[in-house]
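Structural overview for review
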Amino acid sequence: LGWHDSSISLPFLSLGHPQTKVPGLNPARAQASIVRHAGWCFSLALALFVCTTCSSPTAFAATLTALDALSSDFFGAHPDGYATAAPSGSVFFCGNFGVLLLNGLKGAKVLELLRQMLRVTMVRGAQSAGLVTYKPRNGSSVGVRSRVVNGKRTDLSHLLLRKFKSALGGSAVNSTNTSPQLFQGHTRFATSSICNLSGCHPHQWTPPQRLMHWQWGKAEARYVGAVRNVEGYITHNGDLDFFSVNGSTLPLPQLQGMLSRVLGQPMPSDVDSVCIAGLLDLLRTKGLWGPSVRYAFIFSALKPSGVNKLAAELASLKKILDAVAQAFEEQWAQLLMSPPTDVESGEGPITDEASAVARLSSLMEKRMLELVVKRASLTPLVESLEALLPPVSNDRGVPEVAHRNLVVGAVQAFFHQDLLKAGFDLMKGSMGSFGLVLSHSLDADKEAVFAARGQTMSVAFYPSAGFVMFGSESAATKVGLGLSEEESAGSFRFDLDDVVGEVLLLRWGENEADVESRRLAASRGTSASGRDADTKLAEIFRYGQDSSFVLSGANFLENNWHHPLQSRKLQLAGNPLVDPLPEITVADPIGRDILELPDLLRAIKEDFADPSHESLNRITAWTFTNKLRQRLLKRQRGEADDSIDLLIIGCEVSLWVGEQFAADMRLVFPKLKILALSSNKLLGQLGQMMPIPQIGFQVNEATLNLTNTVVLGISHSGGTFGTLAGCNLLRSYTHSIFVVTSEWDTQVARAVRIEGEVGEGVELRSQFVFSTGCGVRTAEPCTITVAATHHLLTQLLMFVMGYLARFETKEKLGGSSYEMEEVQELELLNRALCGGLREIVGDGRSGTTPTSRALRQYGRRWAWHVLEAPISWIVSAIY
């Protein structure tokens, strides 16, 4: 017996389940109930009779029959009768997904959009999943989180959405509520730990707590305090390896210990991502004196050697920091109660948040520094931190440097350490790979932060519908294209730079005047944020009644380059090179893929065969062939070095198809230096701080010369981590990088598009991308995706052979010996393939063919032969 979704699964019932069909019986009528209950009544009576009159084996069999009848006809238990369309693939990761609902009147569509996004993201791994949103309660935003672990035969999207809907009280949003709402989700495939509920995202380290929070009141023109709910959530795709604090680089175990000590909460899970949630608790402190003091102690005052002690010593640390924070609260309250003349003296009147921050921060620093020196009640508390603070000798009556850093750091954190600054500090101090979404209860009504480095992250905007969709899988953000034509009109997407590293802030709930006020304050150097975030904020689109509210965004590259959002947006709706998602929830995705094989392979063939129309695949094939031709000419002239001519990279199934292509190319061009290599082995040699020795393999860093090599990366999904990272890595070795992928709009295609193709928006046309046109497929990867990739590479092989045979007539290149007639013969054989394939598999238009029908009959017969032995065992066991 196994528990699944609070119901009991009885797997023994699925071993063999006899049934009787009554022609013409309407299951909705009473006669069906009579027939059904007659069955179990007779079976039970027969079992009672047999048990009293027959031998034990016969009685045992009759008892099983009665139990089967009771379970099916009386209790209604039946075998599932369907195969869960849970996607699988050759490479698994975690994946972020989510929706920002700006138009509350569209709330009825949120759950279905999330369901579809979840099913697409499940191709990255579907062991567990979670969702969180924020609901208003008693003047605060309160997180509502649901997490589930998938069963062997359960549907992860169904499990999660059902639990999430129940947690929200039946609906995602109130249809009468027009306030924006964030939905932050994640699917997980456990790569470094077991799959359990505690390791499931969204992660939170510190449980919700009620704290005094201060913020600028626009109506009151002063700071206003209220006790509010404080909690934060993160969803993370990637790995956190190290984090640096004051020059000390902490590995994951030490970081876990430090966070437990400083936050005063035990580690909620042993997964690495939960530490990011703990760091969010440390770094997002704006408006909170307690967390601000804690932040200043760790990041401003603490000496490097004291960082290591936090994981094992000073059990009273939290108590001491709380006492110091209380002193800050008292001084802050007194400062706000001071007469205006005291506050404004020498600095002019306080008119807005920016002027308030400038004046009040200076006064708070002055008050607290005096308190550290003169107040005997506070000095012992500060002195008790001496074991961890740097000793500095000063004249009597002057605060020591560490104490000054503590005070100044706490004041600055109170005014400036918001969600965006927390994202900056987190990315700056971390080593690892990140596809990251940060949210916090204090900011849930106005902003969210997204980040990418080493992992992909895309954000799509649907202005007409009032939706923002984000996810690690860019295909998931195209779910909105399934809305009505009116709702999807004007949609576009922004892909974060995962190579350089990028942070994106989205802010909503402000009107045009608010945005302009922030921009003017920032241009004068008086921004309340204390940085250039407000100067970079750009309007993305307007929403709400009369378009009175503005969704704005600001992006920040980690190398400090300026690459604004508007120059990198990709048009979605109406873009002929952006394919909409296929039907995700079909009952038999593998069967559908097999039936679509003939048409898809014919389309690939026709795309290469017809030179009269503009074929992007032919353009790319021409570029690929010319790059190879240049290397072959050099080799023929004796000018070639020892570098690889053609490197083919991929993972698992894609690599195996690539190896076949490499073998065919070597057969045709014996002198061509070709290497087919695992993307992961390539990264192990060239993509690490220290190369990983590949024991048992002859390829290593010393033998791998990739100078100006022609590279062909193969990734159906376009998001395979090894191949995507390999293409990014190889850009420092060669500019001739080509990819084979399922559509023009994939992450790996973006990695090889040249800079000249990016202007006012992203142009998907590229002479370095091959597309099978297969699109997103959530079924097993070894059906239509492999066939389409293999077929495209066959077209490429014939293109290369035909091109070189036609234009290199004087002398054959690469040691080839074939003639043009042989290329034409291959072409004729390939042309007949699609017709033969349709005869074998049938298709969705004409139904089954005689050949496909006969093959399925043979298949069923063969299946019975395969099952003969286990069926015999089962029958014997029952007997």
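Okay, so let's go over this structure.

This part is about the overall build of the protein. Along its length, the protein carries 27 helices and 26 strands. Going through the 879 residues of the protein one by one, you find that 51% of them count as buried. Counting contacts in the protein only where the partners sit at least 6 residues apart, residues at least 24 apart contribute 72% of the total.

When you line up the elements, threonine 709 lands in the loop between helix H21 (679-686) and strand S22 (710-714). Given a relative accessible area of 0%, threonine 709 falls into the buried group. With 81 residues separating them along the chain, threonine 709 and leucine 628 place their C-alpha atoms 9.0 Å apart. In this structure threonine 709 touches Arg631, Ser643, Ile644, Asp645, Leu646, Leu647, Thr734 and Ser736, once residues within four positions along its chain are discounted.

Attention shifts here to the side chain of aspartate 155. Inspection of the secondary structure assignment puts aspartate 155 in the loop between strand S5 (140-149) and helix H4 (156-167). Side chain to side chain, aspartate 155 and serine 157 meet in a polar contact 2.6 Å long.

A few words on the sheet that holds S22. Read across the sheet, five strands follow the order S21-S20-S22-S23-S26 without closing on themselves; strand pairing throughout is parallel. Lying at the two open borders of the sheet, with one neighbouring strand each, are strand S21 (674-678) and strand S26 (769-771). In this sheet, neighbouring strand axes are inclined to one another by 20° on average, regardless of whether the strands run parallel or antiparallel. Across four bridges, S22 lies against strand S23 (residues 737-741) in parallel orientation. Note on S23: the bridge partner recorded for leucine 712 is phenylalanine 738. Contacting strand S20 (646-650), S22 and S23, helix H22 (residues 721-730) crosses the sheet at an angle of about 145° to S20.

Between two cysteines, a covalent bond joining their sulfur atoms is known as a disulfide. For the coordinates displayed, the defined rule picks out zero disulfides. Cysteine 200 provides the cysteine sulfur closest to cysteine 195, a residue in no disulfide bond, and the two sulfurs are 7.6 Å apart. Residue class for cysteine 195 comes out partly exposed when judged on its relative accessible area of 29%.

What counts as what
- Residues numbered from 1 in each chain as written.
- Predicted model: local features only at pLDDT ≥ 70, side-chain atom pairs only at ≥ 80, totals over all residues.
- Heavy atoms only, no water.
- Helix = DSSP H or I, 4+ residues; strand = E, 2+ residues; numbered from the N terminus.
- Buried < 20%, exposed > 50% of the residue type's maximum accessible area, 1.4 Å probe, protein only.
- Contact = heavy atoms within 4.5 Å.
- Polar contact = N/O pair within 3.5 Å; in protein donor to acceptor, adjacent residues only side chain to side chain.
- Pairing = 2+ DSSP bridges.
- Axes fitted to C-alpha atoms, helices over the stretch in contact; angles between N-to-C directions.
- Disulfide = S-S within 2.5 Å.

Take it as geometry only, folks, not as evidence of what the structure does.
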